[in-house]
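Fold and contact review
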Amino acid sequence: MGAVVGTLTMGERTKGERRRPSRDKIDDDFELSIVCHRPEGLDKLEAQTNFSKQELQVLYRGFKNECPSGVVNEDTFKQIYAQFFPHGDASTYAHYLFNAFDSAHSGSIKFEGFIMALSTLLRGSVREKLTWTFNLYDINRDGYINKEEMTDIVSAIYDMMGKYTYPALKTDTPKQHVDAFFQKMDKNRDGVVTLDEFILSCQEDENIMRSLQLFKNVI
Amino acid sequence: MAAGVATWMPFARAAAVGWLPLAQKTMPKPPVDKKSRSDEILFVNVSGLRFQTWKNTLDRYPDTLLGSSEKEFFYNEETQEYFFDRDPEMFRHILNFFRTGKLHYPRHECIQAFEEELAFYGIIPEIIGDCCMEEYRDRKKENQERLAEDTEAENAGDAPLPPDATLRERLWRAFENPHTSTMALVFYYVTGFFIAVSVIANVVETVPCRPIKGSIKDLPCGEKFSVAFSCLDTACVLIFSFEYLMRLYAAPSRCDFARSVMSVIDVVAILPFYIGLVMPENEEVSGAFVTLRVFRVFRIFKFSRHSQGLRILGCTLQACASELGFLLFSLTMAVIIFATVMFYAEKGTKGTTFSSIPASFWYTIVTMTTLGYGDMVPDSIAGKIFGSICSLSGVLVIALPVPVIVSNFARIYHQNQRADKMRAQQKVRQARIRMAKKGATNAFLQHKEDGGLQDGDGDSTPLCVKNRSAFEHQHHHLLHCLEKTTNHEFTDEVTYSEVCVTDSVGFRTSRSTSLSSQQGATTTCCSRRAKRRAFRLANSTVSVSRGSVQELDTLHVTKTPAGTQYPQSRSSLNARTENLKLNCDDYTAAIISIPTPPANTPDESLPNSPAIPGILRNSRSSTFNTQETVKISSL
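Cut-offs applied
Residues numbered from 1 in each chain as written. Chains lettered and ligands numbered in written order. Predicted model: local features only at pLDDT ≥ 70, side-chain atom pairs only at ≥ 80, totals over all residues. Heavy atoms only, no water. Helix = DSSP H or I, 4+ residues; strand = E, 2+ residues; numbered from the N terminus. Buried < 20%, exposed > 50% of the residue type's maximum accessible area, 1.4 Å probe, protein only. Contact = heavy atoms within 4.5 Å. Areas by Shrake-Rupley, 256 points an atom, 1.4 Å probe, with all protein chains shown as cover. Patch = residues over 30% accessible without salt bridge, like charges linked within 9 Å, V, L, I, M, F, W, Y side chains within 5 Å. Salt bridge = Lys/Arg side-chain N within 4 Å of Asp/Glu carboxyl O. UniProt positions renumbered as here; feature names shortened; annotations may be inferred. Pairing = 2+ DSSP bridges. Core = buried A, V, L, I, M, F, W, Y, C linked by side-chain atoms within 4.5 Å. Expected span 1.5 Å × (residues − 1). Axes fitted to C-alpha atoms, helices over the stretch in contact; angles between N-to-C directions. Parallel < 35°, antiparallel > 145°, perpendicular 65-115°, else oblique. Left-handed = near helix turned anticlockwise from the far one by under 90°. Nonpolar A, V, L, I, M, F, W, Y, C, P; charged D, E, K, R; others polar. Phe/Tyr/Trp six-rings, centres within 6.5 Å; stacked < 30°, edge-to-face > 60°. pLDDT = per-residue confidence, 0-100.

The secondary structure content of chain A amounts to 11 helices and 5 strands. Across the 219 residues of chain A, 44% fall into the buried class. Counting contacts in chain A only where the partners sit at least 6 residues apart, residues at least 24 apart contribute 60% of the total. Carbon together with sulfur atoms contributes 53% to the accessible area of chain A, which is approximately 10900 Å² in total.

In structure tokens:
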């Protein structure tokens, strides 16, 4: 009898003890996640970007729904991007993309950054788009694209294709692609591509110019 | 596609600008978006309760009723709203799912009603958020079990037998469900009565009765009224034997019946009598015979046919067998330790009862369970000290942990069950969500197959292109852009494996036809990518049949999933020869002499050359293609 009572009380005590440490942890987590960010006014954003008020409204509603705290961190970004490319592994490319969006290198994208980049990409001039692309490729932001950076980017893009492609991907496919790219872009054959070379070469290529106009009506 | 991804689609498409300088081909034209892009507020009337929401909110999940064009069927022109004649309370949860991306299960609702609503709105229950998933699963399981029990009870019992049932079936039925007929019920009660009588007789015959006249000693009643008791025993055994034989005859599967627990009990109950009949009245053997009579007590277990509770108890003990086993083991350890100690402590004492370690076991058990009979008592001081330690630790070792162990094991057992259950469910859940996701990726491949990627004229879409949402259009365009950038195409696993196998086969002239070696080759040839994103389809086995020998100069080019329908392609010969994708299933031919141009390659610049290897050597530098067609018969 005594044993039974002992057991019952012991059972309750262990339950209580178990509950306490987890509650502390939850409190800590809760404090950290209250960070919130609000964007500047609608008018200001409209002035800074090429979007209309309505478009900004639609964009912000979507953004806020996905990220109630107002910021996107890199992991969330990678997850989101990965959902568009379920065949392959989009995390590397998403990493580079994140850095391109996060121009201030703060580790998180706020709505303003998001909107600025979208404005450039969708409604910007050819030069602006190409500059943005150059900044994407120039991983270390030194003003030059060298072969290693380009290989990284191209490998990341090929990673998104996944394993099952036709024709099958080989180990040197990215390298060949990079060589072809440098062949076209590197005018003075110094092994790096500068912004001017890049813009010049792209403007000479009809295909690229035509394709740049395709994405106007995304929003 | 999953939650909220539709919101990010514009950003993903914008990011595609980053691929443009790298693209080796021109980008395809984006889908024309016929509807206006501005957002509007929709009115949804659910049985009188009006909800309003942005159109974009509903468009987030295009594979549900509200997100697709299916809701147009419910549009009421007069009131300019969507009317659903469903439960408004439940709709609140459905709409919250669209708004927040998480589906919650309302605890106060009936689970079946909830599932019906989900089915109506086209939402799979697997996306219920983790916060509510366990509750949902538990309730669902409970419900299912209850329903199963009900149906079982219905079916098992009282459904009437078909009129042409044989005597055997009728008999079996009567035995298993005594409620079905009066005769069966009578039989049931009669056997029950006789079991009781037999057990009571066994008990009473050992009670001392008044001695017969002339002797002083008390006699057990069994011996005084031996005739009566033996008559009773014989009658009971006859009835039990008759019952057993009838059951054996009626059983649909005699082997299974003979092996079942109840039948074993029956046999054990009646065996002593027959053994007693067979065995002679021998002094030596009668001792053993007496022992056998103990087994008559097993007749009491025959009551379990009559009592549901007994059966449940038996099942419970069976289920807890491992926990009881561990308890026994730990007790045995403690007993052995203390028995040894006590034995050696009491060794010196003269005339001690602790004659051996096994003899000390009795003392240890009696002391540890705090029984303390007092038939074995230590005399030496060391013995008394250890004896007291034994009794103190007895309380600790036995009395406390027994309930704790029992409750702990019950908790751990349930937890484990829950963990396994969750793991199993998680796997199933993930599989279903993956299936849904796969549907999206397959949608792209299917779309390509349907010829939807023709750049030629955007207006006249092929008739076979299925109706897709704007989101799907945009997503497919995005994937198409990626294909153009990298100049490779998405395929599925099966095609890829086939291509890889043909790739590897071309090298080898070996005659091995074992599938394992083919698969081995596949992995060595195709495991170049460091990151394996295993994209398993339902049938991921490489079905390369090497049985049929084809004619040497025909190529069977079956419809390939990708890359065959580009009638507009302006690309060079190199690219188009890839269309000679050979389906491994029908192709085991030797060196092809004459290339048969595939039916749907529009590229006429394919020169007619006698040997395919020749053609393909001029093609792209990738050695892949040459390997593809240099095939040696392997049969």
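For the rest of this paragraph, the subject is the overall build of chain B. Broken down by element type, chain B carries 23 helices and 7 strands. The buried share of chain B, reckoned over its 635 residues, is 38%. Within chain B, residue pairs in contact and separated by at least 24 positions form 66% of the contacts whose partners lie at least 6 positions apart. Accessible area for chain B stands at about 35300 Å²; split by element, carbon and sulfur atoms hold 62% of it.

What follows concerns a nonpolar patch on the surface. There is a patch of nonpolar side chains on the surface, built from I200, V203, V204 and V207 of chain B and spanning about 310 Å² of accessible area. Within the secondary structure, V204 of chain B is located in helix 7 (residues 182-204).

In this section: the UniProt feature "domain: EF-hand" (unreviewed entry) in chain A. Residue and element names in this part refer to chain A. With numbering matched to this structure, UniProt assigns "domain: EF-hand" (unreviewed entry) to residues 125-160 and 173-208. Structurally, residues 125-160 comprises 72% helix and 8% strand, and the distance from its first C-alpha atom to its last is 28 Å. The annotated region residues 173-208 carries 72% helix and 8% strand content, and the separation between its end C-alpha atoms amounts to 21 Å.

Turning to the pairing of strand 2 (residues 49-54) of chain B, a few remarks are in order. Summarising the sheet, strand 1 (residues 41-46) of chain B and strand 2 of chain B pair through 6 bridges and their orientation is antiparallel. Each residue of the ladder has a partner; that of I41 of chain B, found in strand 2 of chain B, is W54 of chain B.

A few words now on the pairing of strand 4 (residues 81-84) of chain B. Residues and elements named next belong to chain B. Two strands pair when backbone bridges link them, and strand 1 and strand 4 are joined in this way by 3 bridges, in the parallel orientation. Residue pairing for strand 4: N45 is matched across the bridge by F83. Across 2 bridges, strand 3 (residues 75-76) lies against strand 4 in antiparallel orientation. For Y75, the partnering residue across the bridge sits in strand 4 and is Y82. Linking strand 3 to strand 4, which pair antiparallel, is a turn of 4 residues; within it Q80 sits at a positive phi near 55 degrees.

Grouped together as the largest cluster of nonpolar side chains are 78 residues, with contacts concentrated most on Y81, F85 and L97 of chain A together with W19 of chain B. Excluding its chain neighbours within four sequence positions, the residues that come into contact with F85 of chain A are A90 and M160 of chain A together with W19, L478, L479 and L482 of chain B. By size, the runner-up hydrophobic cluster in this structure holds 27 residues, among which are L42, F51, Y105 and Y136 of chain B.

Time to look at helix 7 (residues 126-137) of chain A. For helix 7 of chain A, which comprises 12 residues, the first-to-last C-alpha distance of 17 Å matches the rise-based estimate of 16 Å (1.5 Å per residue) to within 8%. Within helix 7 of chain A, the full set of buried residues consists of K129, L130, W132, T133, F134, L136 and Y137 of chain A.

Bringing the pattern of salt bridges into the picture now. Residue and element names in this part refer to chain B. Counted by the stated rule, this structure contains 25 salt bridges over all chains. D130 is the salt-bridge partner of R429, the closest N and O atoms lying 3.3 Å from each other. Of this pair, R429 sits in helix 17 (residues 401-449) while D130 sits in helix 5 (residues 130-158), and the two are 299 residues apart along the sequence. The partner of E243 in a salt bridge is R247, with the nearest N and O atoms 3.0 Å apart. Here the residue E243 and the residue R247 both occupy positions in helix 9 (residues 226-250), the gap between them amounting to 4 residues, near one helical turn. R247 carries the same exposure label as E243, and that label is buried. Linked by salt bridges that have partners in common, E243, R247, D266, K302 and R305 make up one network.

All names here are of chain B. Pairing in this open sheet of 4 strands is mixed, and the strands run 2-1-4-3 from one edge to the other. A strand with exactly one partner marks an edge of an open sheet, and here the two such strands are strand 2 and strand 3. Across the sheet, helix 3 (residues 88-100) touches strand 1 and strand 2, and the angle it forms with strand 2 is around 5 degrees.

Residues and elements named next belong to chain A. Viewed as axis vectors pointing N to C, helix 4 (residues 74-84) and helix 5 (residues 91-101) meet at an angle of 125 degrees, and their least axial separation amounts to 9 Å. Judged by the angle between their axes, helix 4 and helix 5 are oblique. The way helix 4 lies across helix 5 gives a crossing that is right-handed. Contacts from E74, F77, K78 and Y81 in helix 4 reach S91, Y93, A94, H95, L97, F98 and F101 in helix 5. Taken together, the residues that form the contact of helix 4 with helix 5 break down as 7 nonpolar, 2 polar and 2 charged.

Another point: unusual backbone geometry. Across the junction of Y166 of chain A and P167 of chain A, the peptide omega takes the value -5 degrees, indicating a cis bond. Tracing the backbone through its elements, the reader meets P167 of chain A in the loop between strand 4 (165-166) and helix 9 (173-185). In this model, R189 of chain A sits at a positive phi of 55 degrees, which is unusual for a non-glycine residue. The residue R189 of chain A is located in the loop between helix 9 and strand 5 (192-194) in this model. Phi at T370 of chain B is positive, roughly 55 degrees, even though this residue is not glycine.

Let's shift gears to helix 18 (residues 470-486) of chain B. All names here are of chain B. With 17 residues, helix 18 should cover 24 Å at 1.5 Å per step; its first-to-last C-alpha distance of 25 Å lies within 8% of that length. For helix 18, a buried count of 14 out of 17 residues is recorded, marking the element as mostly surrounded by other parts of the structure. Once helix 18 finishes, N487 follows within two positions and takes phi at roughly 60 degrees, a positive value.

Further remarks concern the environment of L214 of chain A. On the secondary structure map, L214 of chain A appears in the segment after helix 11 (206-212). Sequence separation of L214 of chain A and L122 of chain A is 92 residues, and the distance between their C-alpha atoms is 9.2 Å. Not counting chain neighbours up to four residues away, the residues in contact with L214 of chain A comprise M27, P28, K29 and P30 of chain B.

Before going further, it helps to spend a moment on the packing of aromatic side chains. Residues and elements named next belong to chain B. According to the stated counting rule, one finds 48 aromatic pairs over all chains in the structure shown. Ring centres of F84 and Y121 lie 5.8 Å apart, and the angle between their planes is 70 degrees; this geometry places the pair in the edge-to-face category. Residue F84 is located in strand 4, and its partner Y121 is located in helix 4 (residues 111-121); the two are separated by 37 residues in the primary sequence. Given the relative accessible area of 0%, F84 is considered buried.

The next subject is the confidence of the model for chain A. Residues and elements named next belong to chain A. In this model, chain A carries a mean pLDDT of 79, and residues with pLDDT of at least 70 account for 83%. A low-confidence stretch, residues 9-22 (pLDDT under 50), is modelled with 2 contacts involving residues beyond four sequence positions or located in other chains. Low pLDDT, under 50, characterises residues 29-33; the stretch is placed with 0 contacts to residues that sit more than four places away or in other chains.

Residues and elements named next belong to chain B. When pLDDT is averaged along chain B, the result is 71, and 65% of the positions lie at 70 or above. Low pLDDT (under 50) marks residues 455-465, which in the prediction has 10 contacts with non-local residues, meaning those over four places away or in another chain. Segment residues 506-635: pLDDT under 50, and 217 contacts once partners within four positions in sequence are set aside and those in other chains are kept. Reported confidence for the predicted complex is 0.75 by ipTM and 0.48 by pTM.

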